[in-house]
Structures are given as C-alpha cells and as structure tokens.
Amino acid sequence: MKRREFMKTAAAALTALSAGRSGFGKAKNSKSKYRVAVIGRTGKGNYGHGLDVVWNDIEQAQVVAVADEDAKGRAAAAKRLKTPNAYAEYRQMLEKERPQIVSVAPRWLDCHRDMVLTCAEFGCHVFLEKPMCQSLQQADEMVAAFEKQKLKLAIAHQTRYSPALRHARQFIADGGLGDILELRGRGKEDRRGGGEDLMVLGTHIMDLMRFFAGEPQWCFAQVRDGRKPVTKEEVRDGAEGIGPLAGDEIHAMYRFAGTMMGYFSTQRVAHGAAKRFGLQVFASKGILTMTTGAVPEIWFTEDPSWQPGVSKAVWKQISSAGVDKPETLSDPNHGFGNRLIALDLIRAIETDTQPRGSIYDGRAALEMILAVYESHRLKAHVEFPLKNRKHPLDML
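All values reported here derive from a predicted model rather than from experimental measurement. In this numbering scheme, every chain counts its residues from 1 along its sequence in written order. A pLDDT threshold of at least 70 governs which residues receive local features in this predicted model, and a stricter bar of 80 or more applies before side-chain atom pairs are shown or counted, although totals over entire chains, interfaces and linings include all residues. Values shown for side chains rest on all heavy atoms present in the structure; no hydrogens or waters enter the calculation.

1. Regarding the pattern of salt bridges
We count a salt bridge whenever a side-chain nitrogen from Lys or Arg sits within 4 Å of a carboxyl oxygen from Asp or Glu. Scanning the entire structure with this criterion turns up 24 salt bridges. Its salt-bridge partner being glutamate 97, residue arginine 35 comes within 3.4 Å of it at the nearest N-O pair. You can see arginine 35 sitting in strand E1 (residues 34-39) and its partner glutamate 97 sitting in helix H3 (residues 90-97), a full 62 residues away along the chain. Accessibility here uses a 1.4 Å probe with only protein chains present; expressed as a share of the type maximum, an area under 20% marks a residue as buried, one over 50% as exposed, and anything in between as partly exposed. With a relative accessible area of 10%, glutamate 97 lands in the buried category. Residue aspartate 52 pairs with arginine 80 through a salt bridge whose shortest N-O separation is 2.9 Å. Of the two residues, aspartate 52 is situated in the loop between E1 and strand E2 (61-67) and arginine 80 in helix H2 (residues 71-81); the sequence distance between them amounts to 28 residues. Given the relative accessible area of 31%, arginine 80 is considered partly exposed. Each helix corresponds to a stretch of at least 4 residues labelled H or I by DSSP, and each strand to a stretch of at least 2 residues labelled E; elements are numbered beginning at the N terminus.

Below is the structure:
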C-alpha cells in the first residue's frame, strides 16, 4: 500500500474509531503543537516498534529533541526525526527542552522504570513500549508517580486499539457467540519459548484476555525446565534487560467472572513456531480466533460443537469494516497502530481521561504474567491483586 493510500485509509479508520468521542486528536489550540521528545537506546532496545517516527505523521505534535547514549544512533535518529536537538543523556534533554509528551521507546525493560519516573518528574506524558517493566514493585512506583502528577501513559498494546477488535467485542456482547466459556492463548514458541515468550509476547495475550473477560480472580500455573519443575538453580537473567526468567515450558490457568476460564501456554517447539501466537475464544455458540496487532486476523465460526470440520460451519471474518466484511486496512511497520495510540494519548490528555491502553492496563498484564511465577513458587493458586509485589523468581 502506497503512503498516500495508507494515510487515507488510516484517517478513515481513526474517524470510525473516534465516533462519538469529542476532542479526539484535536490540539487545545489549533495554532500550537505538542512538544514531543523521544528516548531511544541504540543497541539496547533501540526505538521499539516505531515509537519514534510515529510523531512525524501527527499534525498536533512536533518532535523537538531525541536522546540516545550512542553517538551514531543518536545522529541517525535526529535525522530521521528531523530535529536538530540531540542529547546523550535523556535527563538533560527533558530539563532543557521541557517536552509535553515523551516516547520511551527502548524495548529493553531494564530502563523503563527510571525513564518513566524521570518523565513524571518533569511533568511529561508518556508513550511506552511494552512490556511495562520488570516487576510489580517498579510498576507500582510508575503508577504512583503518574497519579501524583496527574499524567497519562499509553502502553504499546496495539491490538487493543484495533477497529476490528472493537467490532469483535460488540459481536460477542450482542450474543453472536453465546457465552464465553474459555480463552486460550499461546506465545510464539520459538527460541524464546517459555519464560521469555511469556514476558515479551504474553503481555499482548494477557491484555486481550482482560479485554474480553475483565479482571482475573486467580491464577494457577506450573513452570518447567527440561520437563522438571523449575527451582532456584534454573533461574537466569533474561535477554534484553527482562530481569529474572525461568522455564522452557509454562502452563497457566486463570479464573475470570462467572464461569469463564483462561489458559496460556508456551514452550519451545521444533516445528510451527509463531503459527499459534494469538488468542482463541471458545463460546457456547462457536469459536473466535485472532492474531495480534492493529489490523489482526479475526475469524469466527458458529458451531457449538467446536468441530467445524464435522459440522461444515463456515468461517467468517471480523475486520475493521465490521462483521463478515473483508479487511481493507494494513499496518506496515506498526505505523497505523502507533498512530492510533499517539492520537488517543493526545485525546486522553485533553479530556483528562485514560488512554485505551493505559498505565493500569500495562500493570495488569504484567501482574498476570508474574502471577505465573508466584503460583509456581507457592505451589498454589494466587489471587489478584497479588500480595507479593516483588519478583517471585527472586524469592525461590
């Protein structure tokens, strides 16, 4: 899709997404623009999935500076973002440039807490790469700082912003699939299968479970390595600043309201990696399957037996256009999804409401992830909210 066509279809989707919500994407003063800064770390998380360049296409914003400790990466980012102001140290940038919004873009988690708390100190709203941070202690600090300063943080859970996902939830709410009985999610199950998969990609699945089923009540899980229960000896430092990790095989069960149950599993597999990444909704009248992203593949079949091969039930698509309609949008390099989030963050700032994917959603997804390790540690189910806010693997 050519850039002009992409922007046209993106604008149409944004209009549909914001229908009935006054002020969406409009600056307080049409002659002014939000001052935006970007924090990246070349070689240590870089600039996430396009959290820097998204602001180039936001009319209400102007990138005024970028910070990156790597000189070469910093120069490239400044050129890419069309800003003459580039800093080696992000605190110095915030102090001098005084931006209103900051993209905390690195994928690596070891820096998220410090960067976000510094943004709060300088009164900056934040667009944050997922996952939120390493532990619930860190997440609680971040939430407290943003509540104190009355700031907004949008987490990069792009699927939550999908127009197609909105149609899917309405379809289920209208009884299209009957009662939700089970939600089943899996990670990519590649070389990261197990603990890394749970942390890096499981955050999307946990967020989707909450989107459809609400808040979890409890979790029961097992974490294995080499088919044996994980002990302290198997705990390792995760790649990319993730923090403590363990397990090459994880199975978790969640209880939601009513009779709804959720399941998440990940393990390293020899064949078919990444093919199952997503969420399946099993309901009393049929099945819905979906991938992730701002333009996910969402399909459903009306078959209470859950055996469409036998019933010959037809699979129908849910797209950005609606139920049983073909998809017309695409999301090259996460550009469309990031644009949805950036504009919604501006809307949240102007209306003093929360973004669709807020700091609370980021923490809740992390809590579902760490509940897996807490349940394994205690060898019992654990209730939400977790009483232990430390990382469970540090306590094995």
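2. Here we look at unusual backbone geometry
Of note, the amide linkage connecting lysine 130 to proline 131 takes the cis form, showing an omega dihedral of -15°. Along the chain, proline 131 turns up in the loop between strand E5 (125-128) and helix H5 (136-149). Cis geometry is adopted by the peptide bond preceding proline 385, which originates at phenylalanine 384 and carries an omega value of -5°. Positive phi, close to 60°, is recorded for tryptophan 306, a residue that is not glycine. Tracing the chain through its elements places tryptophan 306 in the loop between strand E16 (298-301) and helix H9 (308-311).

3. Things to note about the pairing of strand E15 (residues 286-290)
Summarising burial for E15: four of the five residues are buried, a large majority. Relative to E15, strand E14 (residues 278-283) runs antiparallel, the two sharing five bridges. Bridging from a neighbouring strand, alanine 283 pairs with glycine 286 of E15. Linking two consecutive strands that pair antiparallel, namely E14 and E15, is a turn of two residues. By this definition, two strands are paired if DSSP reports at least two bridges between them. Of the strand pairs in this sheet, E15 and E16 are connected by four bridges, and their pairing is antiparallel. Bridge pairing links methionine 290 to isoleucine 298 in E16.

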